[in-house]
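# Fold and contact review
What follows is the residue order along each chain.
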Amino acid sequence: MKIKDIKILVTCPGRNFVTVKVVTDEGIYGLGDATLNGREMAVATCLEEHVAPCLIGRDPQNIEDIWQYLYKGVYWRRGPIGMAAIAAIDMALWDIKGKIAGLPVYQLLGGRSRKAATLYAHANGESIDETLDNAAALMEDGFKAIRLQSAIPGLPVTYGVLGDKKDYFELQGNRPLPPEEEWSTKKYFNLVIELFERARERLGDDIHLLHDVHSRLTPIEAARLGKLLEPYDLMFLEDACIAENQESYKLVRNHTTTPLAIGETYNSIWDCKELIENQWIDYIRTAATHAGGITGLRRIIDFAGIHDVKSAPHGAPDLSPICFAAHIHLNIWAPNFGIQEYVGPGNEEMQRIFKHNIKVEDGMAFVSDAPGLGVEFDEEAAAEFPYKRSYLPVSRLEDGTMWHW
Ligand code: CS2
Ligand code: MG
């Protein structure tokens, strides 16, 4: 079997997605997700100009060799753009292998470790009351784990809480440039402690609660937040601070028993090796799309497992349903699976383009038994929604200083 063609398909049904289709000479094809929010065309060009030409004529069954060829064979290892390109090819090759074998990908990985993958949903709000109303509604729908985020009083906008705006396109108006948002750690601390105090009063002690700081704190502030949140028993505190110095997390860890999660922006095991082997974190959040596909993420999950770190794959709306499917296969297999982030099935246009039958019931995702990844991509529907430039916001302190994402 040989790779005959590699198509790079960019579509924007409300947000941009980069999809790779690897076509073989025997008619079987595989799909992969290469979406890198705000840098989509860089990955698409990398695939088109640099990666695809090297793969035509190769045997798509040699997943590991192709992975190593794209990783080791390039002078410029790692990095989000190169690793997203490798990831999409890798997912497509697993999809092809599953179709050849007539087996779903989780069977190729080693089979089932659980009946379904537990999900955490998002409750956001312009006020604490609104956040908790949304959380209560999600509990009614059967979710057993919920991430709480609430607008910070005194700041014009809070990341992830869009107010009356539908999405970040709307926030950018007709001038697609990164929106600039203000940040105040002082104002945030006041809000976040009250949010979790009131959440426990209203939602009770049985529901798992989570929170994402989006890396806005310094290590000592992160340590203090973890400590202050201990009475509210979080499942995890995510991205409490940046870990470019991985040892920063030693400081956070030594001050709090609140479980710590990080990793959605990481693209290889090297970004989190010390965090994991020193057991400074509890959950690793790397995504298949951003960490070298199923092959890359499986390696991270196995390494995490021997250090008592669980997997909690990133599941934001900027990862396509192909990545979601890859995660569900990995989650069903991984002995050390923790939890999967989940933000719903996407809008109608997205559901027309990406078709799959992963069932979400009672706050859990049930894997599909279709061969491969079990996702179909409607190229005609996708072509109705061409790429639109878009950016994530940037963050500045109130005095104008550029701040961490
Ligand atoms: C977030 C994301 O889902 C999460 O945990 O951190 O919404 C993140 O901001 C986006 O994926 C950025 O692309
Ligand atoms: Mg996050």
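Quick caveat: nothing in here was measured; it's all calculated off a predicted structure. (Residues numbered from 1 in each chain as written. Chains lettered and ligands numbered in written order. Predicted model: local features only at pLDDT ≥ 70, side-chain atom pairs only at ≥ 80, totals over all residues. Heavy atoms only, no water.)

## Points about the coordination of the magnesium ion (ligand 2)
Taken together, the protein ligands of the magnesium ion (ligand 2) are D212 (OD), E238 (OE) and E264 (OE), with distances of 2.0 to 2.2 Å. Summarised as a motif, the one-chain spacing of the donors to the magnesium ion (ligand 2) is D-x25-E-x25-E. Separated by 52 residues along the polypeptide, D212 in strand β7 (residues 208-212) and E264 in the loop between β9 (260-262) and α10 (273-277) bring together distant segments of the chain. Its relative accessible area of 16% is what places E264 among the buried residues. (Donors = N, O, S within 2.8 Å, 3.2 Å for Na, K, Ca; no water. Helix = DSSP H or I, 4+ residues; strand = E, 2+ residues; numbered from the N terminus. Buried < 20%, exposed > 50% of the residue type's maximum accessible area, 1.4 Å probe, protein only.)

## What to know about the domain arrangement of the protein chain
Per the domain assignment, the segments making up the protein chain are domain 1 (3-104) and domain 2 (108-370). Summed over both sides, the interface between domain 1 and domain 2 buries roughly 2700 Å², with carbon and sulfur atoms accounting for 62% of that surface. At the boundary of domain 1 with domain 2, the tally comes to 2 salt bridges. Among the ionic pairs, R299 bridges to E64, the shortest N-O distance being 3.0 Å. Counting the contacts that link domain 1 with domain 2 gives 13 residue pairs in polar contact (both at pLDDT 80 or more). Contributions of two or more residues to the side of domain 1 that touches domain 2 are made by β2 (17-24), β3 (29-33), α2 (63-72) and α3 (80-101). Ranked by residue count, the leading element in the side of domain 1 that touches domain 2 is α3, at 10 residues. Looking at side-chain class alone, the side of domain 1 that touches domain 2 contains 18 nonpolar, 10 polar and 6 charged residues. (Domains from an automatic or database assignment. Buried area = accessible area lost by both parts, 1.4 Å probe. Salt bridge = Lys/Arg side-chain N within 4 Å of Asp/Glu carboxyl O. Polar contact = N/O pair within 3.5 Å; in protein donor to acceptor, adjacent residues only side chain to side chain. Nonpolar A, V, L, I, M, F, W, Y, C, P; charged D, E, K, R; others polar.)

## A short note on the site of ligand 1
In the region of ligand 1, 14 residues are neighbours, and N37, Y159, E264, D318 and E341 sit closest. H314 is positioned such that a nitrogen or oxygen atom in its side chain is 3.1 Å from an oxygen atom of ligand 1. At a separation of 2.7 Å, an oxygen atom of ligand 1 approaches a polar side-chain atom of D318. When isolated, ligand 1 has an accessible area of 340 Å², and the protein chains bury 90% of it. (Near = heavy atom within 4 Å. Areas by Shrake-Rupley, 256 points an atom, 1.4 Å probe, with all protein chains shown as cover.)

## Description of the packing of aromatic side chains
Aromatic ring pairs are described here by two measures, namely the spacing of the ring centres and the angle between the planes. Applying the stated criterion to the full structure yields 11 aromatic pairs. An angle of 85 degrees between the planes, with centres 4.9 Å apart, marks the rings of Y75 and W76 as edge-to-face. Judged on exposure class, the residue Y75 and its partner W76 are both exposed. For the pair F354 and F377, a centre-to-centre distance of 5.2 Å together with 65 degrees between the ring planes defines the contact as edge-to-face. Placement of the pair is F354 in strand β13 (residues 354-356) and F377 in strand β16 (residues 375-377), with a sequence separation of 23 residues. When its relative accessible area of 3% is taken as the criterion, F354 is described as buried. (Phe/Tyr/Trp six-rings, centres within 6.5 Å; stacked < 30°, edge-to-face > 60°.)

## So, the pairing of β7
Most of β7 sits out of view: 4 of its 5 residues are buried. Judged from the 3 bridges that link them, strand β5 (residues 145-150) and β7 form a sheet pairing that is parallel. Across the sheet, the residue bridging to A145 is H208, located in β7. Bridging between β7 and strand β8 (residues 234-238) involves 4 bridges; their strand directions are parallel. (Pairing = 2+ DSSP bridges.)

## Quick notes on the pattern of salt bridges
Opposite charge on two side chains lets them pair, provided their charged atoms get close. Counted under the stated rule, the structure contains 20 salt bridges. R202 serves as the salt-bridge partner of D133, at 2.9 Å between the closest nitrogen and oxygen. Of the two residues, D133 sits in helix α5 (residues 128-140) while R202 sits in helix α7 (residues 185-203), which places them 69 residues apart along the sequence. The exposure class of D133 is partly exposed, given its relative accessible area of 41%.

## Some points on the nonpolar core
Side chains of a nonpolar character, in soluble globular proteins, are inclined to be buried together. Ranked by size, the top nonpolar core spans 120 residues in total, and within it I89, L148, L225 and Y249 carry the most contacts. Counting residues per element, this core draws most heavily on α3, which supplies 11 residues. Two domains each donate at least three residues to this core, and these are domain 1 (3-104) and domain 2 (108-370). Apart from the residues within four sequence positions on either side, Y249 is in contact with D239, A240, C241, I242, A243, L260, I262, L275, W280 and I281. Ranked by size, the runner-up nonpolar core spans 9 residues in total, among them A145, M235, F236 and I339. (Core = buried A, V, L, I, M, F, W, Y, C linked by side-chain atoms within 4.5 Å. Contact = heavy atoms within 4.5 Å.)

## Focus: helix α12 (residues 321-333)
Relative to the 18 Å expected for 13 residues at 1.5 Å per residue, α12 spans 18 Å between its end C-alpha atoms, a close match to the ideal helical length. Burial of α12 is extensive: 13 of the 13 residues sit out of reach of the surface. (Expected span 1.5 Å × (residues − 1).)

## As for the environment of A117
Tracing the sequence through the fold places A117 in strand β4 (residues 117-125). Sequence spacing of A117 and H329 is 212 residues, and the spatial spacing of their C-alpha atoms is 9.2 Å. Those residues in contact with A117 that sit more than four places away from it in its chain are I328, N331, I332, F337, G363, M364 and A365.

## Notes on the pairing of β8
Judged by how many residues are buried, β8 sits mostly within the fold: 5 of 5 residues are covered. Where β8 meets β9, 2 bridges bridge the pair, whose relative direction is parallel. Across the sheet, the residue bridging to E238 is A261, located in β9. In this region the chain leaves β8, passes through helix α9 (residues 248-255) and returns to the parallel neighbour β9; the handedness of that crossover is right-handed. (Right-handed = clockwise from strand over helix to strand, strands pointing away.)

## Regarding the side chain of H211
Looking at the secondary structure, you find H211 in strand β7. At a separation of 2.8 Å, a polar atom in the side chain of H211 contacts the main-chain carbonyl oxygen of L148. Within the local environment of H211, its side chain forms a polar contact with the side chain of Y188, the two groups lying 2.7 Å apart. Beyond its immediate stretch of four places on either side in the chain, H211 contacts R147, L148, Q149, Y188, V192, F196, L234, F236, L237 and E238.

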